[in-house]
Amino acid sequence: MSSEKKLTPMMEQYFEVRNTLSKDTMLLFRLGDFYEMFYDDAIDAARILGITQTLRQNYPMAGIPYHAADAYVGKLLAAGKKVAIAEQAEPAKAGKLVKRQLTRILTPGTTLEANQLDAARNHYLCAVAIDRRGLHAAWLDLSTGEFQVATDASAENLLPVLTALDPAELIVVEGEPERWHLAPHDQVALHNLHAFAATRAVTEQPAYNFETPAGARAVMETLGVLNLQGFGLSDDHAGLGPAGALVNYAAESLCAKPGHLRAIREYRSAATLLLDPATLRNLEIFQSSRGTRDGSLIHAVNRTVTAAGARLLERWIAAPTLDIDAIRARSAAVGEFIAQPQSLADLREHLALVRDIPRILARLQNKLRNPRELGGIRDTLTQLPLIRGALVAFGPESTRIAALAGRVAELSALRTLLEGALSDDIPGDLTTGGVIRAGHDAELDRLRSLMTDNKTWLSDLERQEQERTGIKSLKVKYTNNFGYYIEITKANLHLVPEDYIRRQTTVNGERYVTEDLKQKEKEILHAEEHALARENVLFQDLVGAVLDESVALAQTADALAEIDVLGGWAVLAREWDYCQPELDDGDILDISEGRHPVVEQMLKDPNATAARGPQAFVPNDTLLSSTDAQLALLTGPNMAGKSTYIRQVALITLLAQIGCWTPAKKCRVGLVDRIFSRVGASDDLARGNSTFMVEMNETANILNNATDRSLIILDEIGRGTSTYDGLSIAWAVVEHLHRDAERGPRTLFATHYQELTQLEKSLGRLRNFSVAVKEWNDDIVFLRRVVSGAADRSYGIQVARLAGLPTPVIDRAKSILARLESDDTTVELPAAQPKARPKKKITVKAADDAEQLSLL
């Protein structure tokens, strides 16, 4: 504003709040029944929300109804905006400026409102910092209170979990991530870090917010502890800097210290099966290549019936534990559920009625108190005895289920209180009344009785005045501005008695009051005011009673989520005939009749296969060992199923290591520390990387980080460059993976380079396999069977015919192929084209064998 003297008192109040906010934050300023926005905020809001922008004293203005604000705020957050809320801090009084104060700042990572969250997805706020010691990170789901911290000298070890968490907002040191730098050997990780930051909302904070000592103090203050030793953390843990930045940012957003954070856990990459960003993408773990959950692994194995269960499943897949005892316990529990399908069905009926306790508690503890949330607690508590009974029905021999049942607290006293206190039909707004059940509180009942009697009096007054005046259209009405009044139409004004006192003229008539009506109005409003005040006190008491049991509620909610996931896996296993995998610390990966968990379901989905009808998936065996059959080299034509096969092996291994049963007849998995994949082709043009460069980056990451306990799947290494360059690289990669004399990472290597199959003669742990096809009248039939031995040729021209290439192109290709295969390089080419480079016979010595292997 050019002159602040021209500002009204209300606008001065507005700017007092607005000037405390960053430019990227929109301020919603409460004025009566609307949230108003001014200046640039109004312009942006009109564009994003499609609402009307007006002018008020020559400055832009736009507003939204307060009762519909959640939907509008969600759109603003989705557009990348932050939203500050300034509420009225006192009731409006005529002639007095209402006090207003900042109550919330909503950002993509700090929203708590149910309609702005995906109930089945975790919603993380993440902070990262990089220094000479490595990558330090912390993440917080403010909607549930989950809080973790991590540090690692190698950024590559933390990137898998950060990518899998998919945080809604990233907090970084001011000036970053442009200034991020890592050691030369960590350049792939640096590239992935930049890609990670580029796909989400990023908020910069001053560097001092990331200092470890200050962070430790902020975390301890928030958790209400004197030190962090009880959580297994030292006060100089490098991840506490980002953790402190998180809790300070959350406090700024909530305009108060987060009220529900009670613990912090350390994430250790060494205790987790790691899946790097490329593997998460290539295996379509959390989203398909179309960018949706449909078609992903998590969608295929999710049979949960509760929101908390769905989020727990997401966390288990994002950070699979390497604790073999914990994995076996989950798998055993699935088996116990499978053994009694009717008991499981009864249990899941009750589970489906459980509400989202973790998120309800988070909102209650942070003073976002919708009365219906208490109804959700009550309804869940009602189910707990039934759930415990259903768990007990599995019998004492079901030891894993019995252990889960022992973690479910019934909280009968709290259930009795809420059932007796809350109405059956709870309103969403406390100010409308009707939250507390009649009979729960004598004083509230007395006040409500006065209100009922007064309303009866008003009804009787209307009838009596109609009879006294002869005006049948006479009505007794009420508005917030004028209170209670008698409305008379213009046609009947001549019948108005002398004792009526005129209050207002309207288009259609006049509004009057009487002395009796004025007195009764005071009584009515007094009773309503006192009833609402009493109801508010009772409601807050109920909230306090719930929060007193918050620890037991949270622990019970955790148990219910685990029961939901494991029970859902039992349903999945019965539905698709999964087997219980055998896990050990050995190096064997032995899968009998394995199937791809996603493709198998898609083949049976009538909607996805409407053109051809449901189809059966062809199962295949796999046997890998770090010390024997370490490297399976897979050849065969395109479309034969090579990529599906190698992916299914990786997915089966992952499912086994999260405790899920697996799509196979039999499965044995020696524990894997990392799963790597290099499949598919994609450019990264925004960062100047071609398809081939992306391929080489991902391959370099694998070769630099794989151990002999890793599982690697590689598809078509070297295809993004010239034939000889690509073949040479693929050859060298195979030799590198086999370089150790004793053992190496279990590897599936799919390729079209037939020349590589000769390496079986020189590399003792390499085995040749191929995908079988059947030829018929110059056509091929894909059998989808993986068999021992190399493919005799690639069948590329037959596949091209299936793809619909014109017949002249197919015929010409066959002619060229015949000449090339006969070493005749005098292929007739158009005159405008240079002659093909003569084919050379090249031999290469295997790195660990003196035998000469021909590249042709």
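Residue positions are given per chain, counted from 1 along the sequence in the order it is written. Whole-chain, interface and lining totals are the exception, using all residues; otherwise, since this is a predicted model, local features are given only for residues with pLDDT of at least 70 and side-chain atom pairs are given and counted only at 80 or more. Just so you know, side-chain values use all the structure's heavy atoms and leave hydrogens and water out.

1. Notes on the pairing of strand β25 (residues 746-750)
Partly exposed residues are those whose accessible area sits between 20% and 50% of the maximum for their type, while under 20% is buried and over 50% is exposed, using a 1.4 Å probe and protein chains only. For helices the rule is a DSSP run of H or I covering at least 4 residues; for strands it is a run of E covering at least 2, with both sets numbered from the N terminus onward. Among the five residues that make up β25, five are buried, leaving the element largely enclosed by the rest of the structure. Side chains of β25 alternate between two faces, with R746, L748 and A750 and T747 and F749 buried alike. Between any two strands, pairing holds if DSSP finds at least two bridges. Relative to β25, strand β21 (residues 631-635) runs parallel, the two being bridged by four bridges. By the bridge assignment, L633 is partnered in β25 with F749.

2. Brief notes about the sheet that holds strand β7 (residues 125-131)
Across a sheet, strands are paired by hydrogen bonds formed along the backbone, either parallel or antiparallel in direction. Strands sit in the order β11-β10-β7-β8-β9-β12 across an open sheet of six strands; the sheet is mixed. One side of each edge strand has no neighbouring strand; the edge strands of this open sheet are β11 (201-205) and β12 (265-266). For strand β10 (residues 169-173) and β11, the ladder comprises five bridges, and the chain directions are parallel. Bridge pairing links V173 to Q205 in β11. Contact between two residues is taken to exist if any of their heavy atoms lie within 4.5 Å; hydrogens are not considered. Axes here refer to lines fitted to C-alpha atoms; in helices the fit is confined to the stretch in contact. Angles between the N-to-C directions go from 0 to 180 degrees. Set on the sheet, helix α4 (residues 155-165) makes contact with β7, β8 (134-141) and β9 (146-152); between it and β8 the angle comes to about 20°. Its contacts with the sheet place helix α7 (residues 240-254) against β7, β8, β9, β10 and β11, and it is angled at close to 30° to β8.

3. Some remarks on a nonpolar patch on the surface
On the surface, a cluster of nonpolar side chains totalling about 310 Å² of accessible area is made up of W776, V781 and L783. Looking at where L783 falls in the secondary structure, it is placed in strand β27 (residues 779-788). According to the relative accessible area criterion, L783 is partly exposed, its value standing at 35%. Nonpolar side chains (Val, Leu, Ile, Met, Phe, Trp, Tyr) within 5 Å and like charges within 9 Å form the patches, drawn only from residues with over 30% relative accessible area and no salt bridge. Working definition of accessibility: Shrake-Rupley area with a 1.4 Å probe, residue cover restricted to the visible protein chains. What counts as a salt bridge is simple: a side-chain nitrogen of Lys or Arg found within 4 Å of a carboxyl oxygen of Asp or Glu.

4. Some details on unusual backbone geometry
One can expect most non-glycine residues to show negative phi and most peptide bonds to be in trans. One non-glycine residue with positive phi stands out, namely C255, at about 60°. By secondary structure assignment, the location of C255 is in the loop between α7 and β12. Under the relative-accessibility criterion, C255 is labelled partly exposed at 36%. You will see that E593, though not glycine, has its phi angle at about 55°, which is positive.

5. Looking at the nonpolar core
Put simply, a nonpolar core is a bunch of buried Ala, Val, Leu, Ile, Met, Phe, Trp, Tyr and Cys residues held in one set by side-chain atoms that sit within 4.5 Å of each other. Core analysis: the biggest nonpolar cluster contains 114 residues, and F337, L347 and W569 have the highest contact counts within it. Here this core gets 13 residues from one element, more than from any other, and that element is helix α19 (residues 550-576). If we skip the residues at most four places from it in the chain, L347 touches F337, I387, A390, L391, F394 and I563. Counting 29 residues, the second largest nonpolar core, distinct from the first, contains L112, A127, A218 and L261.

6. Thoughts on the sheet that holds strand β16 (residues 501-505)
Reading across the sheet, the four strands line up as β14-β15-β17-β16 and stay open at both edges, with antiparallel pairing between neighbours. Every other strand in the sheet has two partners, leaving β14 (475-479) and β16 as the edge strands with one partner each. With direction set aside, neighbouring strand axes in the sheet form an average angle of 40°. Sheet analysis places β16 next to strand β17 (residues 509-513), joined by four bridges and oriented antiparallel. Along β17, the bridge assignment pairs I501 with V513. Running over the sheet, helix α18 (residues 515-548) touches β14, β15 (483-489), β16 and β17 and is turned about 140° from β15.

7. Focus on the side chain of K642
Secondary-structure assignment places K642 in helix α21 (residues 642-658). Of the side chains with opposite charge, E716 comes closest to the buried, unpaired K642, at an N-O distance of 4.1 Å. For K642, the contacting residues outside a window of four places in its chain are L634, T635, G636, P637, E716, A750, T751, H752 and V771. His is not counted, nor are the chain ends, whereas Lys and Arg count as positive and Asp and Glu as negative.

8. Comments concerning helix α17 (residues 442-469)
Residues three or four positions apart in an α-helix share a direction because the helix packs 3.6 residues into each turn. The end-to-end C-alpha distance of α17, which contains 28 residues, comes to 40 Å, matching closely the 40 Å that a straight helix rising 1.5 Å per residue would cover. For α17, every residue scored as buried is listed here: L444, L447, M451, N454, L458, L461, E465, Q466 and T469. Where α17 is buried, its residues meet β14, β15 and α18. Two to three positions downstream of the cap, the backbone nitrogen of E443 sits 3.4 Å from a side-chain oxygen, assigning the N-cap of α17 to D441. Expected span of a helix: the number of residues minus one, times 1.5 Å. Pairing of N or O atoms within 3.5 Å defines a polar contact, subject to two protein rules: one partner must be a possible hydrogen donor and the other a possible acceptor, and residues neighboring in sequence count only if both atoms are side-chain atoms.

9. Focus on the pairing of β7
Every other side chain in a regular strand lies on the same face of the sheet, so the side chains alternate between the two faces. Judged by how many residues are buried, β7 sits mostly within the fold: six of seven residues are covered. Inspection of the sheet shows β7 paired to β10 by three bridges, in the parallel sense. By the bridge assignment for β10, C126 is matched with L170.

10. Observations regarding the packing of aromatic side chains
To describe a pair of aromatic rings, one takes the distance between the centres and the angle between the planes. Note on aromatic contacts: the rings of Phe and Tyr and the six-membered ring of Trp form a pair at centre separations within 6.5 Å, being stacked when their planes are under 30 degrees apart, edge-to-face when over 60 apart, and tilted otherwise. Within the structure shown, the criterion is met by eleven aromatic pairs. On the numbers, 5.8 Å between centres and 75° between planes, the contact of F38 with Y59 is edge-to-face. Remark: Y59 occurs in strand β4 (residues 59-65) and F38 occurs in strand β2 (residues 34-38); sequence separation between them is 21 residues. For the pair formed by F38 and Y59, the shared burial category is buried. Directly above the aromatic system of Y35 lies the positively charged group of R30, at a separation of 5.6 Å from the ring centroid. Between R30 and the ring centre of Y66, over which it is positioned, the NZ or CZ distance is 4.1 Å. Two conditions define a charge sitting above a ring: the NZ of Lys or the CZ of Arg must be within 6 Å of the ring centre, and it must be within 35 degrees of the ring normal.

11. Regarding the packing of helix α14 (residues 371-392) against α18
In contact at an axis separation of 11 Å, α14 and α18 are set at 45° when each is read in the N-to-C sense. It follows from the interaxial angle that α14 and α18 lie oblique. α18 is crossed by α14, and the crossing has left-handed handedness. Counting all contacts with α14, which are made through P371, L374 and I377, the residues of α18 involved are F539, L542, V543 and V546. Here the term charged refers only to Asp, Glu, Lys and Arg, the term nonpolar to Ala, Val, Leu, Ile, Met, Phe, Trp, Tyr, Cys and Pro, and the term polar to all other amino acids, Gly among them. Residue classes in the contact of α14 with α18 are distributed as seven nonpolar, no polar and no charged. Roughly parallel means an angle under 35 degrees; roughly antiparallel means over 145; roughly perpendicular covers 65 to 115; every other angle is labelled oblique. Left-handed describes a crossing whose near helix is turned anticlockwise from the far helix by less than a right angle; the clockwise case is right-handed.

12. So, the confidence of the model for the chain
Known as pLDDT, the predictor's per-residue confidence is scaled from 0 to 100. Residue-level pLDDT values for the chain average 88, and 92% of them are 70 or greater. Counting interchain partners and residues more than four positions distant, the pLDDT-below-50 stretch residues 683-688 has eleven contacts. Across residues 824-856, confidence stays below pLDDT 50; counting only partners more than four residues off in sequence or on other chains, it has 57 contacts.

13. What to know about the environment of S626
Among the secondary structure elements, S626 is positioned in the loop between β20 (620-625) and β21. Assessed through its relative accessible area of 0%, S626 is described here as buried. In sequence terms S626 and P663 are 37 residues apart; their C-alpha atoms lie 23 Å from each other. When neighbours within four sequence positions are excluded, S626 is seen to be in contact with D587, D708, E742, R743, G744, R746 and R765. In terms of polar contacts, S626 uses its side chain to reach the backbone carbonyl oxygen of D708, at 3.0 Å.

14. Concerning the environment of A393
Within the secondary structure layout, A393 lies in the loop between α14 and α15 (399-405). What makes A393 partly exposed here is its relative accessible area of 47%. Measuring from C-alpha to C-alpha, the distance between A393 and R179 comes to 59 Å, with 214 residues separating the pair along the chain. Excluding residues within four positions of it along the chain, A393 makes contact with Q340 and S343.

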